[in-house]
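Okay, here's what each chain looks like letter by letter:
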Amino acid sequence: MSTAGCRRTLSLLGSLVMVTAVVALVPRAAEASSRQLVALGDSYASGVGTRAYFPASGTCKRSPYAYPVRDAHRLGASLSFAACAGATVDRVLHDQVPRLAAETTDVTLTVGGNDAGFGSVMLACAEPRSTKKCYAAIKAAKRYISTTLPKRLDRLYAAVRRHASDAHVVVVGYPRLFNGEDCNAGTWFSPGEERRLNATADLLDQVSGARSTAAGFDFADPRSAFARHAICAAHEWVNGLSWPLEESYHPNRRGQRSFAALVYRNLG
């Protein structure tokens, strides 16, 4: 073969090697970036209670220890972290759902506690000699959860499906907070109040679970996992009365780790 022929042959072989390399790399790159997780919801999803937050998240208090961050890392997924402390169903619908897109492959969502007024209910029940006030607040919360919240959740879930038609959606519930005792100085929860507060959390999970299932979503119920790790347990996964106050009655880092494991079983 002439020198010119050898050069043409080597050039052709080099081109084939480069094309083969590019073709081989494309599926791997696509695979590495194929999962796109969008995290929606309230303070339980943003990670309040872990005491460490991304500075840029401001009052939304998004934590590097929150379950969406842990799960995105385990999945090798890109994360759009939209969850925000204090969010209600309407706020998620208007402020967070627009972060979804046709390319979104996975969605996590925790919401409903603020709609039911859990913060004000907890304050009412924590006060001394407030049983009557506490029970009235619980009754109002349960009435809202039973009568108003289902329609709002249906509207939200429908919007999630419209914006991310092919995404795998996992709705995450709330744990029971109490184990029958109050070991925190500064609060006066009676055993009866704790039972009723836990029953209200049960109702919220029942409604959220039913509506998410009707929408075709998965529901991750944390109550069994948290059963021995309530406030005042030997190994708490939920903060009791804390300072700053907004850290109170939220999962700590161990609790968020448990949430992440539960959600990963659905996403993975």
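Residues numbered from 1 in each chain as written. Predicted model: local features only at pLDDT ≥ 70, side-chain atom pairs only at ≥ 80, totals over all residues. Heavy atoms only, no water.

**Comments concerning the state of the cysteines**
Here comes step 1: Tallied over the entire structure, the rule returns three disulfides.
Here comes step 2: The partner cysteine of Cys-60 in its disulfide is Cys-84, sulfur to sulfur 2.0 Å. Taking the sign of the S-S torsion, about -80° here, the bridge from Cys-60 to Cys-84 comes out left-handed. Taken together, the positions of Cys-60 in the loop between helix 2 (43-46) and helix 3 (67-75) and Cys-84 in the loop between strand 2 (78-81) and helix 4 (89-96) put the pair 24 residues apart, joining distant regions of the chain.
Here comes step 3: Residue Cys-60 is classed as buried on the basis of its relative accessible area, which comes to 14%.
Here comes step 4: Between the sulfur atoms of Cys-183 and its disulfide mate Cys-232 the distance is 2.2 Å. Here the S-S torsion is close to -100°, and the disulfide linking Cys-183 with Cys-232 is therefore left-handed. (Disulfide = S-S within 2.5 Å. Helix = DSSP H or I, 4+ residues; strand = E, 2+ residues; numbered from the N terminus. Buried < 20%, exposed > 50% of the residue type's maximum accessible area, 1.4 Å probe, protein only.)

**Some points on helix 5 (residues 118-126)**
Here comes step 1: Looking only at helix 5, the buried set comprises Val-121, Met-122, Ala-124, Cys-125 and Ala-126.
Here comes step 2: Summarising the contacts, the buried residues of helix 5 are in contact with helix 6 (131-147) and helix 8 (191-214). (Contact = heavy atoms within 4.5 Å.)

**Things to note about the confidence of the model for the protein chain**
Here comes step 1: On average, the protein chain scores 90 in pLDDT, and the residues at 70 or more come to 88%.
Here comes step 2: Overall, residues 6-31 carries pLDDT values under 50, and its contacts beyond four positions in sequence, including any with other chains, amount to two contacts. (pLDDT = per-residue confidence, 0-100.)

**Looking at the nonpolar core**
Here comes step 1: One finds Leu-40, Leu-156 and Val-160 to be the most contacted residues of the largest nonpolar core, which totals 69 residues.
Here comes step 2: With near-sequence residues (within four places) excluded, Leu-40 lies in contact with Ala-45, Ala-82, Ala-83, Val-92, Gln-96, Val-97, Leu-100, Val-107, Thr-108, Leu-109, Thr-110 and Val-160. (Core = buried A, V, L, I, M, F, W, Y, C linked by side-chain atoms within 4.5 Å.)

**Structural notes on the pattern of salt bridges**
Here comes step 1: According to the stated counting rule, one finds 10 salt bridges in the structure shown.
Here comes step 2: Among the ionic pairs, Asp-154 bridges to Arg-211, the shortest N-O distance being 2.8 Å. On the criterion of sequence distance, the pair formed by Asp-154 in helix 7 (residues 149-163) and Arg-211 in helix 8 is long-range, its members being 57 residues apart.
Here comes step 3: The partner of Arg-223 in a salt bridge is Asp-202, with the nearest N and O atoms 3.0 Å apart. Highlighted residues: Arg-223 in helix 9 (residues 223-226) and Asp-202 in helix 8, separated in sequence by 21 residues. Grouping residues by exposure puts Arg-223 and Asp-202 together as buried.
Here comes step 4: Connected through shared salt-bridge partners, Arg-176, Asp-202, Asp-205, Asp-221 and Arg-223 make up one network. (Salt bridge = Lys/Arg side-chain N within 4 Å of Asp/Glu carboxyl O.)

**Observations concerning the side chain of Thr-187**
Here comes step 1: Considering the arrangement of structural elements, one finds Thr-187 in the loop between strand 4 (168-172) and helix 8.
Here comes step 2: Here the side chain of Thr-187 touches Asp-182 through a polar contact of 2.8 Å, side chain to side chain.
Here comes step 3: Within the local environment of Thr-187, its side chain forms a polar contact with the backbone oxygen of Asn-184, the two atoms lying 3.2 Å apart.
Here comes step 4: The residues touching Thr-187, leaving out its near neighbours within four places in the chain, are Ala-126, Asp-182, Leu-241 and Tyr-249. (Polar contact = N/O pair within 3.5 Å; in protein donor to acceptor, adjacent residues only side chain to side chain.)

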